[in-house]
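# Per-entry structural report
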Amino acid sequence: MRKPGKLALPSHESTIGKFLTQSGTFKDGDLLVNKDGLRIVHNSEEGEAPPIEPLDDHQLSLDDLDAIKVIGKGSSGIVQLVRHKWTDQFFALKVIQLNIQESIRKQIAQELKISLSTQCQYVVTCYQCFYVNGVISIVLEYMDGGSLADFLKTVRTIPEAYLAAIFKQVLQGLMYLHHEKRVIHRDLKPSNILINHRGEVKISDFGVSAIIASSSAQRDTFTGTFNYMAPERISGQKHGYMSDIWSLGLVMLECATGNFPYPSPDSFYELLEAVVDQPPPSAPTDQFSPEFCSFISACIQKEATDRSSAQVLSDHPFLSMYDDLNIDLADYFTTAGSPLATFKQIVL
């Protein structure tokens with residue numbers, strides 16, 4: 001009997017053979033992954049790519065990670081909490097069943113490339129990637145507070161002062177992705193914003209993120225979470241960085257009110273009609289400060305050109321109006337709801 005939570009491997013390795021090198025390395029364009037880790041072969045490198053060197057004593061090895069429990073499930077795999085045998089450090093291990101569909105394979109390769117090259121304190125860190133027997137495993141930073149979606153289930157709403165502190169960090173992450181990495185996240189939502197007991201807030205999950213290759217900074221593909229899609233995205237039009245800003249505004253408004261800004265639709269077409277044809281959501285002026293209402297309005301505009309960029313929003317008065325309160329997110333995340341799953345609690 002198969003152990004619970006363990007992914008079934010492909011029954012025929014030959015079905016994915018066209019994506020593998022003779023040495024058993026998963027290859028997609030300039031990306032190579034095998035049991036020893038990941039590397040990117042740049043276009044300037046000529047000839048056959050050299051093999052990935054085995055890990056040294058200071059690097060992560062898949063064999064050195066002990067599974068603790070499953071902490072997340074998705075359409076293509078699971079996320080496990082794992083512990084390093086020798087250091088007792090915890091990681092989140094995303095285990096992806098390799099799918100032979102071209103679109104899924106491209107998404108996986110895209111995620112690996114972005115994760116490998118991302119170095120920002122406001123974005124979840126990717127430490128290493130492995131490919132073994134039809135499964136790609138991605139070793140990620142473990143955020144022990146879970147997601148904002150998890151946190152909202154406990155607290156229901158988040159007061160303005162804490163929202164300002166939380167979204168200062170989210171905006172720093174978006175500024176990095178948009179301006180440094182030229183990436184549209186394209187799936188920003190409460191479950192993709194993670195928190196920990198140190199009060200840190202980080203953006204996660206680049207499974208459908210898109211590297212902007214052209215100077216126009218536009219994409220015309222259609223992936224992501226429908227509910228948080230900007231009008232130009234949900235209607236299938238080209239979109240750029242400002243589509244993330246719309247999503248940011250919806251997430252922030254949801255955190256403030258405790259409800260998703262649109263009524264629950266019975267179908268995709270009802271949501272499409274609401275987002276495209278109806279006036280955009282706004283913060284109730286009798287419940288929130290003028291600064292908060294102004295911030296939400298700067299994000300949730302029907303026309304992408306009317307929205308403020310992440311860089312402009314980072315200087316918005318709302319984000320600094322509670323600075324004199326010296327907000328402690330570490331204390332808030334730990335005490336506002338149920339205790340966080342800290343390392344000590346997991347071990348016990």
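Structure shown above.
Fair warning: this is a prediction, and the values are worked out from it, not measured in the lab.

Before going further, it helps to spend a moment on the sheet that holds strand 6 (residues 90-97). Pairing is antiparallel in the open sheet, where five strands are placed in the order 4-5-6-8-7. Each edge of the open sheet carries a strand with a single partner, namely strand 4 (65-73) and strand 7 (126-132). Within this sheet the neighbouring strands show an average axis-to-axis angle of 25°, counted without direction. Judged from the seven bridges that link them, strand 4 and strand 5 (residues 77-84) form a sheet pairing that is antiparallel. Among the inter-strand pairings, L65 is bridged to a residue of strand 5, identified as H84.

It is worth spelling out the nonpolar core at this point. Nonpolar side chains tend to gather and get buried jointly when the protein is soluble and globular. Core analysis: the biggest nonpolar cluster contains 59 residues, and I158, L163, I166, F167, L248 and F292 have the highest contact counts within it. The biggest single contributor to this core is helix 3 (residues 160-180), with 11 residues. There are two domains that each give this core at least three residues, and those are domain 1 (26-37 + 59-141) and domain 2 (146-216 + 225-336). In contact with F292, other than residues within four places in its own chain, are E160, L163, M252, L253, A256, A283 and F318. One finds C129, I136, I138 and M143 within the second-largest nonpolar core, a separate group that totals 15 residues.

How each quantity is defined
- Residues numbered from 1 in each chain as written.
- Predicted model: local features only at pLDDT ≥ 70, side-chain atom pairs only at ≥ 80, totals over all residues.
- Heavy atoms only, no water.
- Pairing = 2+ DSSP bridges.
- Helix = DSSP H or I, 4+ residues; strand = E, 2+ residues; numbered from the N terminus.
- Axes fitted to C-alpha atoms, helices over the stretch in contact; angles between N-to-C directions.
- Core = buried A, V, L, I, M, F, W, Y, C linked by side-chain atoms within 4.5 Å.
- Buried < 20%, exposed > 50% of the residue type's maximum accessible area, 1.4 Å probe, protein only.
- Domains from an automatic or database assignment.
- Contact = heavy atoms within 4.5 Å.

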